[in-house]
Amino acid sequence: MDTNEKIKIVGTNIQEKANLIWNVANSLFGAYKPHEYGLVILPMTVIKRFHDCLLPTHQAVLDTYKKVEKLAVKDGFLRKASGYQFYNTSPFTFRTLIADPENIVDNFKAYLNGFSDNVQDILARMDFDSQIKHMEEAGLLYQVISDFCTDKGDFSPEKISAVDMGYVFENLVRRFSESYNEEAGAHFTSRDIIYLMSDLLVAGDESAFTGDGISKTVYDMTMGTSQMLTCMEERVHALDKEAEIICYGQEINPFTFGIAKADMLIRGGDPENMQFGDTLNADKFKGYTFDYIISNPPFGIDWKREAADVEKEHKLGDAGRFGVGLPQKSDGQMLFLLNGIAKLKDTGRMAIIQNGSSLFTGDAGSGPSEIRRYIIENDWLDAIVQLPNDSFYNTGIATYIWIVSKNKPETHRERILLIDASKCCEARRRPIGNKRVDITESCRNLIT
C-alpha cells in the first residue's frame, strides 16, 4: 500500500473507530462533565486494546497459570503463553463480564488485577481506580463495558494496526483536549508530516543504509502517544526491512504516556524505553545519544514551572544541556532544540518542528540569538523547511522543520538550505479540525 493510501485510510478507518469509542460518552453524560469524558474513555480503550490482543491466547495463559501458579518467578512462562510482553491471568473476558451484571464491579476489578505489572503501571498512572469508583457510584460501569463490546469495537491487531490504533488514540486525545480547551501548542503531528520528517532525516544520512546489520536508535523528547516513533520505524523499514530500529521517548502527560507504553508493549519493543516525566527538568535519558531525533515539542508554552532546574543546568555551561543561552520564559521550544542537540551522536540527525519565533525572537546577544549562533557557527543547521499552513489538526499557523545534522554531507557544509514548501501540498476533501492539506508522496519527493 503506498503512503498516499495510508494517509487517506487513516482518515476513514480512524474516524469510524474513534466515533464509535466517543459514543461511549453518551453513557457518561450527566455523571461526568464533557471535559472529563477522556478520564474514562482513554483508559477503557487501552484496556480493550490489551483485551483484544490477548483474547486468542487467553485459554493458553490460564492453563499455564495453573501449572506455574506456585512458582516464585512465573512472568516468563506467562509471557510466552500470551505471545506478548504482558498477560492477564483472570478467567474473565469482556463477554463474560457483561454476562453477570449483578457482580460487574467486583468482577471487573478482578479482571484488571489479573494483568501483569507493566499494564497495572499504565492504569495506575491514568488513575483509573478513582474512575471505577465514580462509575460504580453512578451505576455506569455495566453500560460502559457493554458499549465496548460491540462487533465494531474489535481492536485486535488483525482489525487495526499499531500505527492506526495510535491515530485512534490521538483522535480521542484531540477531542478530549478540545472539550478541555487545552493549549493550542500541544498538538499532534499527522502521518504525512512525520513521513516528510523521516524522509528528510534518512535522505541526508549518507551512512544510513549501506552494509548489513544496520541498527539505529530514534528518540522523541515529547513523544505524545509515540506516533512519530512508530511512523519513523515504518519508514525506515520500508527502506531496509532488516534494519533494527530501537525507539526511545519521554512524555509528561500520564494519558498519552500510558498509550505510548501500551503501544510499545503490544508491538514487542522494550517498554522501559518509554519514560514518564518532564524532559526539561527531569531528563530520563541523561548521558544517552541517538542516531535520529524526531520531535514536535510544544510552542508558545511557558517554562516557568521548570525554571529553577533549567537555570541551574544553564549555570553548568557545557556540562549541561542549556549552557549556551535561555529563551524567554514565555516559550520553551528552543530549550527542546538544545536538548535534542545535546542528545545527538556525532553522526546524528534531528528533525524538529518549530514555529516562526525560533527564527527571529531576541536581539543580538540575547538567549535565543546565542542559541541560533551556537547552532550555525558549529555548522549543524542543515535546512529549514517551511510547511504549508493548515497542516496541523489544531493550529493554522506557519510551522517549520529544522534539520540539524552533527555530520553534514560535504556538499552542504557552511551553508543552510532554506526551503519554502508552504504551497507544496494537496487540499483534503474533508478537513480534520484545522488540518486542511496533506503533504502527499509527490510533494514529499519534491521537498526531499
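Residues numbered from 1 in each chain as written. Predicted model: local features only at pLDDT ≥ 70, side-chain atom pairs only at ≥ 80, totals over all residues. Heavy atoms only, no water.

A. Representation of the sheet that holds strand S6 (residues 381–386). Strand order across the open sheet formed by 8 strands is S3-S2-S1-S4-S5-S7-S6-S8, with mixed pairing between neighbours. Unpaired on one side and paired on the other, strand S3 (274–276) and strand S8 (417–420) mark the two borders of the sheet. Each strand axis lies, on average, 15° off the axis of its neighbour in the sheet, ignoring direction. The pairing of strand S5 (residues 344–355) with strand S7 (residues 399–405) spans 7 bridges and is antiparallel. (Pairing = 2+ DSSP bridges. Helix = DSSP H or I, 4+ residues; strand = E, 2+ residues; numbered from the N terminus. Axes fitted to C-alpha atoms, helices over the stretch in contact; angles between N-to-C directions.)

B. The arrangement of the packing of helix H4 (residues 58–68) against helix H5 (residues 75–82) in detail. Between H4 and H5, whose axes approach to 8 Å, the crossing angle comes to 160°. On the basis of their axis angle, the class for H4 and H5 is roughly antiparallel. Two packed elements cross with a definite hand, and for H4 against H5 that hand is right-handed. In this structure, H4 contributes Ala 60, Val 61, Thr 64, Tyr 65 and Val 68 to the contact, and H5 contributes Phe 77, Leu 78, Ala 81 and Ser 82. Taken together, the residues that form the contact of H4 with H5 break down as 7 nonpolar, 2 polar and no charged. (Parallel < 35°, antiparallel > 145°, perpendicular 65-115°, else oblique. Left-handed = near helix turned anticlockwise from the far one by under 90°. Contact = heavy atoms within 4.5 Å. Nonpolar A, V, L, I, M, F, W, Y, C, P; charged D, E, K, R; others polar.)

C. Spatial organisation of the packing of aromatic side chains. For the structure on display, the rule yields 18 aromatic pairs. For the ring pair Trp 22 and Tyr 37, a centre distance of 6.2 Å and an interplane angle of 70° mean the geometry is edge-to-face. With Trp 22 in helix H1 (residues 3–22) and Tyr 37 in helix H3 (residues 37–54), this residue pair connects regions lying 15 residues apart in the sequence. Residue Trp 22 is classed as buried on the basis of its relative accessible area, which comes to 18%. For the ring pair Tyr 374 and Trp 380, a centre distance of 5.3 Å and an interplane angle of 90° mean the geometry is edge-to-face. The class of Tyr 374 is partly exposed, set by a relative accessible area of 28%. An aromatic cluster is present here, built from Phe 50, Tyr 84, Phe 86, Phe 94, Phe 108, Tyr 111, Phe 115 and Phe 128 joined pairwise through their rings. (Phe/Tyr/Trp six-rings, centres within 6.5 Å; stacked < 30°, edge-to-face > 60°. Buried < 20%, exposed > 50% of the residue type's maximum accessible area, 1.4 Å probe, protein only.)

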